[in-house]
Amino acid sequence: MANSREEIKRDLDDILVKGLAENICQAEEAMALCAGIGENAGAGFGSGNRQLFSRIRIMLERYAILAVTRLFEPEEDGFHSISIPVALNYMRFHADYLELNDREFILKKLISFGHEAKEFEGIPDPWITQLVRKEFADRMPNDDDPDSDDLSKALVSLKSMRDTFVTDAVTEQELEEIEKAERSMKTLLIYARDFIGTIGQGYLGVVFESNPNVLQNELAQLLNRIGAPQD
């Protein structure tokens, strides 16, 4: 149990940086590689590797689905370092000891959620923290009510795909499912990135960035080499 402001800040850093941010990064990298295989299919597939790369594409998509759905698992399901509900619960119970690193940034975020600046006059940091926590908690997808909003619909769709086994043969239907999954994952990752971006900058002074396109470009070069005529 954390018993100092420094330990609490370090624990939050572990949850965000080593947990959520890394998980999001891996999901985005898997999605980028999957998209790269689809966009550069001609290069690698033309040399007789179509089935192989189709299978790799599906495996990457499945990994990305697992990574994204893991972000939204409740704490009691055991995902204690890479779940947004875990982070929200940590903020809830340690709000009195979490210091704002960038109060102005957090207040602007709350205003963007619909609050008015005058609400925050004389309000202590713990109350601000609970407001931030509540705003993100209220926007969490609800898989018990998939029709409530786009986030909930996307999460239910992904969980359904996650629990469906892929057959040995890659079909056109499987590839269509990949495209559907990508749309759902992008919807959920927008929320997840907004969360870690807000808490990271507001409480830790950390700005999260990723560039999965680098991997996608490297993959394109690899597929071109595979597909090139051999001497």
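See the structure printed just above.
Residues numbered from 1 in each chain as written. Predicted model: local features only at pLDDT ≥ 70, side-chain atom pairs only at ≥ 80, totals over all residues. Heavy atoms only, no water.

### Re the nonpolar core
Here's step 1: Counting 57 residues, the largest nonpolar core has Leu 16 and Phe 195 as the members making the most contacts within it.
Here's step 2: Where this core is concerned, the elements lending two or more residues are α1 (5-39), α2 (41-70), α3 (84-94), α4 (103-112), α5 (125-138), α6 (150-162) and α7 (172-204).
Here's step 3: Residues in contact with Leu 16, not counting those within four places in the same chain, are Ala 21, Ala 87, Ile 196, Ile 199, Gly 200, Leu 204 and Phe 208. (Core = buried A, V, L, I, M, F, W, Y, C linked by side-chain atoms within 4.5 Å. Buried < 20%, exposed > 50% of the residue type's maximum accessible area, 1.4 Å probe, protein only. Helix = DSSP H or I, 4+ residues; strand = E, 2+ residues; numbered from the N terminus. Contact = heavy atoms within 4.5 Å.)

### Notes on α4
Here's step 1: Considered for burial, the residues of α4 that qualify are Ile 106, Leu 107, Lys 109 and Leu 110. Down the axis of α4, the smallest arc covering the buried residues is 155 degrees, so these residues share one side. Facing away from the buried side of α4, by more than 90 degrees, are the exposed residues Glu 104, Lys 108 and Ser 112.
Here's step 2: At the exit of α4 stands Gly 114, carrying a positive phi of roughly 115 degrees. (Arc of directions from axis to C-beta.)

### A few points about the side chain of Arg 133
Here's step 1: Its place among the elements puts Arg 133 in helix α5.
Here's step 2: Buried and unpaired, Arg 133 has Asp 138 as its nearest opposite-charge partner, separated by 7.0 Å. (Lys, Arg positive; Asp, Glu negative; His and termini not counted. Salt bridge = Lys/Arg side-chain N within 4 Å of Asp/Glu carboxyl O.)

### Notes on the packing of aromatic side chains
Here's step 1: Scanning the model with the defined rule gives 4 aromatic pairs in all.
Here's step 2: On the basis of an interplanar angle of 40 degrees and a centroid distance of 5.9 Å, the ring pair of Phe 72 and Tyr 191 is categorised as tilted. Of the two residues, Phe 72 sits in the loop between α2 and α3 while Tyr 191 sits in helix α7, which places them 119 residues apart along the sequence. Of the two residues, Phe 72 and Tyr 191, neither departs from the other in class, the shared state being buried. (Phe/Tyr/Trp six-rings, centres within 6.5 Å; stacked < 30°, edge-to-face > 60°.)

### Observations regarding a negative patch on the surface
Here's step 1: A cluster of acidic residues, Asp 144, Asp 145, Asp 147, Asp 149 and Asp 150, forms a negative patch on the protein surface.
Here's step 2: Secondary-structure assignment places Asp 150 in helix α6. (Patch = residues over 30% accessible without salt bridge, like charges linked within 9 Å, V, L, I, M, F, W, Y side chains within 5 Å. Areas by Shrake-Rupley, 256 points an atom, 1.4 Å probe, with all protein chains shown as cover. Charge placed at Lys NZ, Arg CZ, Asp CG, Glu CD.)

### Quick notes on the pattern of salt bridges
Here's step 1: Summed over the entire model, instances satisfying the criterion amount to 12 salt bridges.
Here's step 2: Salt-bridge contacts for Arg 5 lead to Glu 99; the nearest nitrogen and oxygen are separated by 3.8 Å. Highlighted residues: Arg 5 in helix α1 and Glu 99 in the loop between α3 and α4, separated in sequence by 94 residues.
Here's step 3: A salt bridge links Arg 193 to Glu 28, with the nearest nitrogen and oxygen atoms 3.0 Å apart. Here Glu 28 lies in helix α1 and Arg 193 lies in helix α7, a separation of 165 residues in the sequence.
Here's step 4: By relative accessible area, which is 13% here, Glu 28 ends up buried.
Here's step 5: Residues joined in a network through salt bridges with shared partners are Glu 73, Arg 162 and Asp 163.

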